[in-house]
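Structural features, examined
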Amino acid sequence: LQQTEPSHYGHMGLIAAALQLRKESGISALFLGVTPTLAGYAWYGASVFPGYEFFKRKLMEILGPRRAARLRILTILLAGALATFV
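So, a few notes on the structure that sits alongside this text. Small disclaimer: the values here were computed from a predicted structure and weren't measured.

This brings us to helix H3 (residues 34-63). Its 30 residues place the ends of H3 42 Å apart at the C-alpha level, agreeing with the 44 Å of an ideal helix rising 1.5 Å per residue. Next to the buried residues of H3 lie helix H5 (72-85). Just beyond H3, the residue with positive phi is glycine 64, at close to 85°.

Further remarks concern the environment of tyrosine 52. Tracing the sequence through the fold places tyrosine 52 in helix H3. With 25 residues separating them along the chain, tyrosine 52 and leucine 77 place their C-alpha atoms 9.4 Å apart. Ignoring any residue separated from it by four or fewer positions in sequence, one finds tyrosine 52 in contact with Ile76, Ala79, Gly80 and Ala83.

Moving on: H5. Residues spaced three or four apart along an α-helix point in a common direction, a consequence of the helix completing one turn every 3.6 residues. Taking 1.5 Å as the rise per residue, H5 with 14 residues should run 20 Å; its terminal C-alpha atoms sit 20 Å apart, in good agreement. Here H5 has its buried residues at Thr75, Ala79 and Ala83. Buried residues of H5, viewed axially, fall in a sector of 65°; they line one side. For H5, exposure combined with an orientation more than 90 degrees from the buried face picks out Ile73, Leu74, Leu77 and Phe85. Buried positions along H5 lie against H3 and helix H4 (65-70).

Two numbers describe how H3 lies on H5: the axes approach to 8 Å, and their chain directions differ by 135°. Considering their axes alone, H3 and H5 lie oblique with respect to each other. Crossing angle aside, the handedness with which H3 passes H5 is right-handed. Within the contact between the two elements, H3 uses Tyr44, Val48, Gly51, Tyr52, Phe55, Lys56, Leu59, Met60 and Leu63 and H5 uses Thr75, Ile76, Leu78, Ala79, Gly80, Leu82, Ala83 and Thr84. Of the residues belonging to the contact of H3 with H5, the class tally is 12 nonpolar, 4 polar and 1 charged.

Reading the values: rules and limits
Residues numbered from 1 in each chain as written. Predicted model: local features only at pLDDT ≥ 70, side-chain atom pairs only at ≥ 80, totals over all residues. Heavy atoms only, no water. Helix = DSSP H or I, 4+ residues; strand = E, 2+ residues; numbered from the N terminus. Expected span 1.5 Å × (residues − 1). Contact = heavy atoms within 4.5 Å. Buried < 20%, exposed > 50% of the residue type's maximum accessible area, 1.4 Å probe, protein only. Arc of directions from axis to C-beta. Axes fitted to C-alpha atoms, helices over the stretch in contact; angles between N-to-C directions. Parallel < 35°, antiparallel > 145°, perpendicular 65-115°, else oblique. Left-handed = near helix turned anticlockwise from the far one by under 90°. Nonpolar A, V, L, I, M, F, W, Y, C, P; charged D, E, K, R; others polar.

Here it is as structure tokens:
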């Protein structure tokens, strides 16, 4: 709210703004948006981690054991980027 209503909450610190919001709108106002945020985190975790493992294995398969061991960090970074992108 400090960003969306700077004239009302902008002069306050984080704690003072939260207390003022609780006083004006109730404790439930502090938790608006929690559900979509948690759903987004759950979706990200459920989709990116398996993708990372898949791409890591495929890249190591393509590179072979010796080259994959030499390029381990690059392989891991590339697998993470591919999982996030796809």
